[in-house]
Amino acid sequence: MSGELAVGIHDLAFATTEYVLTHATLAARTGADVAKYHQGIGQTAISVPAADEDVVTMAATAAATIVARHGSDRIRTVVFATETGIDQAKAAGIYVHSLLGLPSAARVVELKQACYAGTAALQFAIGLVHRDPAQQVLVIAADTSRYELGSPGESTQGAAAVAMLVGAGPALVRIEDPAGLQTADIMDFWRPNYRNTALVDGQESIAAYLQAVQGAWKDYAEQGGRALTEFRAFCYHQPFTKMAYKAHRHLLRHCGLDAEAADVDRAVQPTTAYNSVIGNSYTASIYLGLAALLDSAVDLTGRAVGFLSYGSGSVAEFFAGEVVPGYRTHLRTVQHRAAIDRRQDIDYARYRDLHQLTFPADGGDHLRPRETSGHKRLYES
Ligand code: COA
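Attention in this report is confined to the structure presented alongside it. (Residues numbered from 1 in each chain as written. Predicted model: local features only at pLDDT ≥ 70, side-chain atom pairs only at ≥ 80, totals over all residues. Heavy atoms only, no water.)

## Details of the sheet that holds strand 14 (residues 344-345)
Selection rule: The rule for pairing is simple: two strands pair if DSSP sees at least two bridges between them. Strands are runs of DSSP state E lasting at least 2 residues, helices are runs of H or I lasting at least 4, and numbering of each runs from the N terminus. We call two residues in contact whenever any of their non-hydrogen atoms come within 4.5 Å of each other. Throughout, an axis means a line fitted to C-alpha atoms (over the contacting stretch in the case of helices), and angles, computed between N-to-C directions, take values from 0 to 180 degrees.
The three strands lie next to each other as 3-2-14, forming an open sheet whose pairing is mixed. Two strands lie at the open edges of the sheet, namely strand 3 (45-48) and strand 14, each paired on one side alone. Where strand 2 (residues 19-22) lies against strand 3, four bridges are found, and the strand directions are antiparallel. Note on strand 3: the bridge partner recorded for Thr 22 is Ala 45. This element, helix 1 (residues 23-30), spans strand 2 and strand 3 of the sheet and lies at about 55 degrees to strand 2. Of the strands in this sheet, strand 2 and strand 3 are in contact with helix 12 (residues 348-356), which crosses strand 2 at around 120 degrees.

Here you go:
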């Protein structure tokens, strides 16, 4: 790469939905022991989009605060990673580009590979900044996770968008070389074009994720990466927060290290605060983990953080970041906590109605009443 140039995440902001369904409400409906949700999968609430919310509105809300702080003059690329895009041809990022008034001299593209694509977007952004350090790249990872009502996946739904400004001389996290990679053709989770909800073999997806952790780490080590013991914390993709604990235990044991509960907790627990109350946000999930870690009480100054990104199907990547001294003065902790606290509690009937909502396929104009108090949906389908 280009000498000593530090490139990475200069700013990070997330947004989530108008509504929230608690797992206590879900358990009362499904008859499950709520402890299965709270302790078994490590989730207490699900972010539920209103009828006028989607990946574009969440992404625009998250990215607007970044543009307000830094301006957009240096942004020449927008990379939008999502599994739940709104059009098979047009990139969702073009709506965000328009909503935020970004420069017309920009390229905008959408990336897809289940929950992994946000990491591809970040790595591509880093490559672009190395080519021209004067430029910044707006990376967005946004998704709504939706499984069938009554299915095992239902309790792992959620929705959020993370926006990251990637540039030279980052204020938050310097992303390092090398990266460890693994791709394997597996049918553990998929969503064919005719479906609104994902198909998943839950237990197979957990086994495939663990295999991928091992594979990506092996490549990272072979590429000359850091030793496992150098990392203060690990941000894993969190389809449910207990998965991060499973993954870290697996990695420690694979490396011949003890997986003491206290050590696993220390490395993983600070990354779970947001995901445990938002649910799975696919591409955004690992970066919500980073947001929670940075916003936590842990002092990460100059410390190394490991990232394990997994997208079913499957692609996995392990990479490292070093937290930049002074990072705390750039955080958005108050904004992030407010995004979670402002959600309105809904009952099961309202959640079910929103879940079953489908858009007419007649190509006509269908106005929806405004529900959200956040960003307005200004674009047309
Ligand atoms: N109290 C405490 N824990 C309980 C419990 C109770 N009453 N009942 C069950 N549990 C625990 C189980 O022991 C299990 O934990 P473990 O895996 O550490 O043993 C956990 O809760 C989940 O129980 P399980 O029976 O496996 O749940 P499930 O069959 O409903 O499915 C998923 C769980 C995650 C597979 C399912 O939600 C799913 O398919 N999700 C979507 C796909 C996904 O997220 N994949 C992850 C990899 S990408």
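## Re the state of the cysteines
What counts is decided by this rule: Note on disulfides: each one is a pair of cysteine sulfur atoms within 2.5 Å. Only protein chains enter the area calculation, which uses a 1.4 Å probe; residues under 20% of their type maximum are buried, those over 50% are exposed, and those in between are partly exposed.
Inspection of the entire model under this criterion finds zero disulfides. We note that Cys 115 lacks a disulfide partner, and the nearest cysteine sulfur, in Cys 235, lies 15 Å from it. Residue Cys 115 is classed as buried on the basis of its relative accessible area of 7%. Cys 255 forms no disulfide, and the closest cysteine sulfur to it belongs to Cys 235, at a distance of 18 Å.

## Focus: the site of the ligand
Definition in use: Residues are counted as near a molecule or strand when any one of their heavy atoms sits within 4 Å of it. Accessibility throughout is a Shrake-Rupley quantity obtained with a 1.4 Å probe, and a residue counts as covered only by protein chains that appear here.
Inspection of the region around the ligand gives 16 residues, with Asp 33, Lys 36, Pro 152, Ser 205 and Lys 246 positioned closest. Here the ligand loses 67% of its free accessible area of 970 Å² to cover by the protein chains. Of all the secondary-structure elements, those providing two or more residues to the shell around the ligand are helix 2 (34-41) and helix 6 (202-222). With four residues, the top contributor of residues to the shell around the ligand is helix 2.

## A few points about the pattern of salt bridges
Note the cut-off: What counts as a salt bridge is simple: a side-chain nitrogen of Lys or Arg found within 4 Å of a carboxyl oxygen of Asp or Glu.
Counting across every chain of the model gives twelve salt bridges. Salt-bridge contacts for Arg 69 lead to Asp 11; the nearest nitrogen and oxygen are separated by 3.6 Å. A residue pair is termed long-range when its members are at least 10 positions apart, and Arg 69 in helix 3 (residues 55-70) and Asp 11 in strand 1 (residues 7-15) qualify at 58 residues. Assessed through its relative accessible area of 0%, Asp 11 is described here as buried.

## Side note on the pairing of strand 12 (residues 304-311)
Most of strand 12 sits inside the fold, with eight of its eight residues counted as buried. Pairing of strand 11 (residues 231-236) with strand 12, which is carried by five bridges, proceeds in the parallel orientation. By the bridge assignment, Cys 235 is partnered in strand 12 with Phe 307. Here eight bridges tie strand 12 to strand 13 (residues 315-323), and the two strands are oriented antiparallel to one another. Each bridged residue has a counterpart across the sheet, and for Gly 306 the counterpart in strand 13 is Ala 320.

## Digging into the nonpolar core
Keep this limit in mind: By nonpolar core we mean a set of buried residues, namely Ala, Val, Leu, Ile, Met, Phe, Trp, Tyr and Cys, connected to one another through side-chain atoms within 4.5 Å.
Among the nonpolar cores identified, the biggest contains 51 residues, and Ile 9, Phe 14, Val 166 and Leu 294 are the most heavily contacted of them. Excluding residues that lie within four positions of it along the chain, Phe 14 makes contacts with Ala 62, Ala 161, Val 162, Tyr 274, Ile 278, Leu 288, Ala 291, Gln 335, His 336, Ala 339 and Ile 340. Core analysis: the second largest hydrophobic core is formed by 44 residues, Tyr 209, Val 213, Trp 217 and Ala 320 among them.

## A look at the packing of aromatic side chains
Test applied: Aromatic pairs are defined between Phe, Tyr and Trp rings, using the six-membered ring for Trp, whenever the two ring centres lie within 6.5 Å; interplanar angles under 30 degrees are classed as stacked, those over 60 as edge-to-face, and all others as tilted. Geometrically, a lysine NZ or arginine CZ counts as sitting over a ring once it is within 6 Å of the ring centre and also within 35 degrees of the ring normal.
Following the criterion strictly, the structure yields 13 aromatic pairs and no others. Each ring, one from Phe 231 and one from Phe 318, has its centre 5.7 Å from the other, and the planes form 80 degrees; the classification is edge-to-face. Placement of the pair is Phe 231 in strand 11 and Phe 318 in strand 13, with a sequence separation of 87 residues. A relative accessible area of 7% places Phe 231 in the buried class. Taking the relative accessible area as the measure of exposure, Phe 318 reaches 1% and is therefore buried. In textbook terms, an aromatic cluster arises when at least three aromatic residues are bridged by ring pairs, as seen for Trp 217, Tyr 220, Phe 231, Phe 234, Tyr 236 and Phe 318. Across from the ring centre of Tyr 245, 5.9 Å away, lies the NZ or CZ of Lys 242, which sits over that ring.

## Remarks on the pairing of strand 4 (residues 75-81)
On any regular strand, side chains alternate: one points to one face of the sheet, the next to the other face. Spelled out, the test is: Here is how to tell: hold the view so the strands point away, follow the path from the first strand over the helix to the second, and if it runs clockwise the crossover is right-handed.
The buried fraction of strand 4 amounts to six of the seven residues, a majority that puts the element mostly inside the structure. When strand 4 meets strand 6 (residues 136-145), the two strands line up parallel, connected through six bridges. Bridge assignment links Val 79 to a residue of strand 6, and that residue is Val 139. For strand 4 and strand 5 (residues 107-111), the ladder comprises five bridges, and the chain directions are parallel. Along strand 5, the bridge assignment pairs Val 78 with Val 108. Handedness of the strand 4-helix 4 (residues 92-99)-strand 5 crossover: right-handed.

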